[in-house]
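These are the residues of each chain, in order.
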Amino acid sequence: MEKPCLVVMAAGMGSRYGGLKQIDPVDPQGHIIMDFSVFDAREAGFEKVVFIIKEAFQEDFRRIIGDRVAQTMEVEYVFQKLEDLPEGFSVPEGRVKPWGTAHALLSCRHVVKGPFVAINADDYYGKQAFLDLYRYLTEYEDDIQYHFAMGGYHLKNTLTENGHVARGVCSINADGYLTDIAERTHIAWRNGVPAFTEDDGATWTELSPDATVSMNMWGFSRNFLRETEERFSEFLENSLKENPLKGEYYIPTVVHELLEEKKATVQVLKTADKWYGVTYKEDKPLVEAAIAQMKAAGLYPENF
């Protein structure tokens, strides 16, 4: 059995900053959030990381991030390209938006040979989920069903005080398996309680602070990439008619289909760790303070 590898979806890095050079570190040593995720993954047992990046940022990415990681882990790079489409399809005129997270994972289909954990580049996940997902992927293999896993976070641990966020709110059965994900694109604190709106704030629906949400941290077997590739053409046929310039192919869409078809199970591995990210510029001081506190507690060395 192949050892699990880490896949970091970083193709969007730099887009909102105007380039990788403008990405701010979160500690005095110059580390960015991704450095802490890679450190935690390495501690959990991962020995290889695949970075999904924009080809235009390759040189900067290697210099700013990749070369440092390559000192302690095997590193591969793949590029998410708009024109990476099945035979018979082409990029619609005027399309510049990437095809989404499921398409991002397809970028690594030629280099990932076994199970893998996929994460966002700009989210801090904490140590526990990496340990749990690595253990799961080394213990379970696909049989008549695919056996996947997901890091599950308490909603209250994933919100910012500075605005709204998008989260996948999970439905889980009594045995701890995912049954569905409801994508909520506008969740915020309302009078001390999390709530979401789907009509630009005209009405709000409260959520439990302890609701389990997905932070796009998944544990998959190699079969997920095969299924995603096989389903991509159908997505494109529909999307190119309905939303040719902005339609996106998401990981939860593929997961939902596989659950509906009873082809896969997804074990939700809950963690009490707190998520950190810089969704808004006002979030950065909170992230810096949290990192400094974790370093003071001995969770991370000053330099790594």
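Presented here is an overview of the structure given in this document. (Residues numbered from 1 in each chain as written. Predicted model: local features only at pLDDT ≥ 70, side-chain atom pairs only at ≥ 80, totals over all residues. Heavy atoms only, no water.)

Observations concerning the layout of surface pockets
Working step 1: By volume, the second largest pocket is sized at about 240 Å³.
Working step 2: Looking at the second largest pocket, it is lined by 13 residues, and the ones nearest its centre are F235, N238, S239, E248 and T253.
Working step 3: At the level of secondary structure, the elements contributing two or more residues to the lining of the second largest pocket comprise α5 (223-242) and α6 (251-260).
Working step 4: With six residues, the single largest contributor to the lining of the second largest pocket is α5.
Working step 5: For the lining of the second largest pocket, the residue count by class is three nonpolar, five polar and five charged. (1 Å grid on protein atoms, 1.4 Å probe; cavity = no way out; pocket = protein on both sides within 12 Å on 5 of 7 lines; lining within 4 Å. Points joined across faces, edges and corners; volume = space filled by probe spheres on them. Helix = DSSP H or I, 4+ residues; strand = E, 2+ residues; numbered from the N terminus. Nonpolar A, V, L, I, M, F, W, Y, C, P; charged D, E, K, R; others polar.)

Examining the packing of aromatic side chains
Working step 1: Scanning all chains against the criterion turns up 23 aromatic pairs.
Working step 2: Note on Y125 and F130: the rings are 6.3 Å apart at their centroids and 90° apart in plane angle, and the pair reads as edge-to-face.
Working step 3: In this structure Y125 comes out as buried when scored by relative accessible area, which is 0%.
Working step 4: Since its relative accessible area comes to 0%, F130 is described here as buried.
Working step 5: A network of ring pairs unites the aromatic residues F36, F39, Y124, Y276, Y300 and F304 as a single cluster.
Working step 6: For the cation-ring pair, R184 lies above F196, with the distance from its terminal atom to the ring centre recorded as 4.1 Å.
Working step 7: Lying across the ring of Y276, K274 places its NZ or CZ 5.5 Å from the centre. (Phe/Tyr/Trp six-rings, centres within 6.5 Å; stacked < 30°, edge-to-face > 60°. Buried < 20%, exposed > 50% of the residue type's maximum accessible area, 1.4 Å probe, protein only. Lys NZ or Arg CZ within 6 Å of the ring centre and 35° of its normal.)

Concerning the environment of N303
Working step 1: Considering the arrangement of structural elements, one finds N303 in the segment after α7 (284-296).
Working step 2: The class for N303 is exposed, based on a relative accessible area of 57%.
Working step 3: Sequence-wise, N303 and E83 are 220 residues apart; in three dimensions their C-alpha atoms are separated by 39 Å.
Working step 4: In contact with N303, other than residues within four places in its own chain, are Q29 and H31. (Contact = heavy atoms within 4.5 Å.)

Everything listed here is a matter of coordinates, which is why it stays silent on function.
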